[in-house]
Amino acid sequence: MVDAMGGDYAPREIVLGVQDFVEETGEKIVLVGRENEIKKELTKKGKSLGYIEIINADEVVTMEEKPTVAIKKKESSVWKGLQLVREGVAQGFFSAGNTGAVMASAVLCLGKINGIDRPAIITPLPTLTGQTFLIDAGANVDVKPENLFQFAVMAQVYLKTAYQIKNPRVALLSNGEEEGKGNDLIKKTFPILKEKISGFIGNIEGKDIFRGVADIIVADGFVGNIVLKTGEGLAESIFVLLKNEVFTGLRGSLGGFILRESLQKIKKRLDYAEYGGAPLLGVNGIVFIAHGRSRRLAVRNGLKVMTKTVESGFLAELIKGDFNVWKD
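Here's a quick rundown of the structure. (Residues numbered from 1 in each chain as written. Predicted model: local features only at pLDDT ≥ 70, side-chain atom pairs only at ≥ 80, totals over all residues. Heavy atoms only, no water.)

### Quick look at the overall build of the protein
Here is step 1 of the chain: Along its length, the protein carries 12 helices and 11 strands.
Here is step 2 of the chain: If you sum the accessible surface of the protein, you get close to 15800 Å²; carbon and sulfur atoms cover 52% of it. (Helix = DSSP H or I, 4+ residues; strand = E, 2+ residues; numbered from the N terminus. Areas by Shrake-Rupley, 256 points an atom, 1.4 Å probe, with all protein chains shown as cover.)

Structure follows, in structure tokens:
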């Protein structure tokens, strides 16, 4: 199930990404949104058209809309899509729309998994050795130690099922590696993770995020979202600086030509479109939230990750999890 109206470039780029995904995989996709607008974008010929269904939803949740307003729109593409997941018509929901609205609607429509107080967004980040996963990437600004514990448990289940990592290494993001470092939240969370999370490696600093020292990095949504946006901005700025300051003039242009293939590989590693979307863990259904600026490549790749998550049996394993931090 795909929200055709969500994102800065909807519905065109959403529809194109869905068609690319269907052409590559042969999977069936349901697009939910304003039917007339969606049909105008279904321009590709071939097998994809036979694998795409459209469900009309007249209302649209804008990118600026407050979640409290959005959840009242029962005829929106967000609400209708989530409702069909709840009813079992679809196995997952994908949206590049208003993050807050999708989160609030998912909690209200699908409900939370028993034992989980706050759902969280987990997103991949490129590292020197592959990738790491940051949780929470923006769903919860203010949290308690037990929330961070639950984030760690959910993230481990996700990596064990969807990525086949047997014992994911978990780190707590702090301003120092020592156990006593951090604010009050971090200091109280550290002993909980140390006692109850297999694979906990302790605190890490910001400089360690992209070194690949951990498979999972746990943080509150305020810090996590800053890390995510800072990483995106830094990657974009580096390539602008290279273009403006290094690869100029005859010598610079020649160097750029020689290094072009390597630079393209690096750029691909750093591009959020290669990861596509981030799952909202903790709701009773598979929900993926993509970047608001997502174009067809990000949509296609996000749907591939969502399909992998569905097929891995992640949700069933998460439902069986024990999230009670105070239980002996």
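### Describing the environment of Arg 34
Here is step 1 of the chain: Summarising the element assignment, Arg 34 is placed in the loop between strand 2 (29-33) and helix 2 (35-41).
Here is step 2 of the chain: Overall, the relative accessible area of 33% leaves Arg 34 in the partly exposed class.
Here is step 3 of the chain: Residues Arg 34 and Ser 76, spaced 42 residues apart in sequence, show a C-alpha to C-alpha distance of 9.1 Å.
Here is step 4 of the chain: Among all residues touching Arg 34, those that are not within four sequence positions of it are Met 5, Asn 56, Ala 57, Asp 58 and Val 60.
Here is step 5 of the chain: For Arg 34, the side chain forms a polar contact with the main-chain oxygen of Asp 58, separated by 2.8 Å. (Buried < 20%, exposed > 50% of the residue type's maximum accessible area, 1.4 Å probe, protein only. Contact = heavy atoms within 4.5 Å. Polar contact = N/O pair within 3.5 Å; in protein donor to acceptor, adjacent residues only side chain to side chain.)

### As for the pattern of salt bridges
Here is step 1 of the chain: Applying the stated rule across the entire model yields 17 salt bridges.
Here is step 2 of the chain: Two residues, Arg 300 and Glu 24, come together in a salt bridge whose shortest N-O distance is 3.7 Å. Of the two residues, Arg 300 sits in helix 11 (residues 296-311) while Glu 24 sits in helix 1 (residues 12-25), which places them 276 residues apart along the sequence.
Here is step 3 of the chain: You can call Arg 300 partly exposed: its relative accessible area is 24%.
Here is step 4 of the chain: A relative accessible area of 45% means that Glu 24 is categorised as partly exposed.
Here is step 5 of the chain: For Glu 37, the salt bridge is made with Arg 34, and the minimal N-O distance between the two is 3.6 Å.
Here is step 6 of the chain: For Glu 37, a relative accessible area of 29% translates into the label partly exposed. (Salt bridge = Lys/Arg side-chain N within 4 Å of Asp/Glu carboxyl O.)

### Quick look at the packing of aromatic side chains
Here is step 1 of the chain: Inspection of every chain in the model, using the stated rule, returns 5 aromatic pairs.
Here is step 2 of the chain: Considering the side-chain rings of Phe 133 and Tyr 158, the 6.2 Å spacing of their centres and the 80 degrees angle between planes classify their relative orientation as edge-to-face. One end of the pair, Phe 133, is in strand 6 (residues 130-135); the other, Tyr 158, is in helix 6 (residues 145-162), with 25 residues separating them in the sequence. Across this residue pair, the class does not change: Phe 133 and Tyr 158 are buried. (Phe/Tyr/Trp six-rings, centres within 6.5 Å; stacked < 30°, edge-to-face > 60°.)

### Here's the deal with the nonpolar core
Here is step 1 of the chain: By size, the foremost hydrophobic cluster in this structure holds 57 residues, and its most contacted members are Val 18, Leu 31, Ile 135, Tyr 158, Val 218 and Leu 303.
Here is step 2 of the chain: Looking at which element gives the most residues to this core, the answer is helix 6, with 11 residues.
Here is step 3 of the chain: Filtering out sequence-adjacent residues up to four positions away, Leu 303 remains in contact with Val 2, Val 18, Phe 21, Ile 29 and Phe 94. (Core = buried A, V, L, I, M, F, W, Y, C linked by side-chain atoms within 4.5 Å.)

### Some remarks on unusual backbone geometry
Here is step 1 of the chain: The omega angle of the peptide bond from Ala 10 to Pro 11 is 0 degrees, so this bond is cis rather than trans.
Here is step 2 of the chain: In this fold, Pro 11 is placed in the loop between strand 1 (2-3) and helix 1.
Here is step 3 of the chain: Cis geometry marks the peptide bond from Ile 135 to Asp 136; its omega dihedral reads 15 degrees.
Here is step 4 of the chain: Mapped onto the elements of the fold, Asp 136 is located in the loop between strand 6 and helix 6.
Here is step 5 of the chain: Positive phi, close to 55 degrees, is recorded for Gln 164, a residue that is not glycine.
Here is step 6 of the chain: Residue Gln 164 is classed as exposed on the basis of its relative accessible area, which comes to 63%.

### Quick notes on the packing of helix 6 against helix 7 (residues 184-196)
Helix packing geometry: the angle between the two helix axes and the distance between the axes.
Here is step 1 of the chain: At a minimum axis separation of 9 Å, helix 6 and helix 7 run at an interaxial angle of 45 degrees. One way to sum up the angle between helix 6 and helix 7 is to call them oblique. Seen from above, helix 6 lies across helix 7 with right-handed handedness. Of the residues in helix 7, those in contact with Pro 145, Leu 148, Phe 149 and Ala 152 of helix 6 are Leu 185, Lys 188, Thr 189, Ile 192, Leu 193 and Lys 196.
Here is step 2 of the chain: Taken together, the residues of the contact of helix 6 with helix 7 break down into 7 nonpolar, 1 polar and 2 charged. (Axes fitted to C-alpha atoms, helices over the stretch in contact; angles between N-to-C directions. Parallel < 35°, antiparallel > 145°, perpendicular 65-115°, else oblique. Left-handed = near helix turned anticlockwise from the far one by under 90°. Nonpolar A, V, L, I, M, F, W, Y, C, P; charged D, E, K, R; others polar.)

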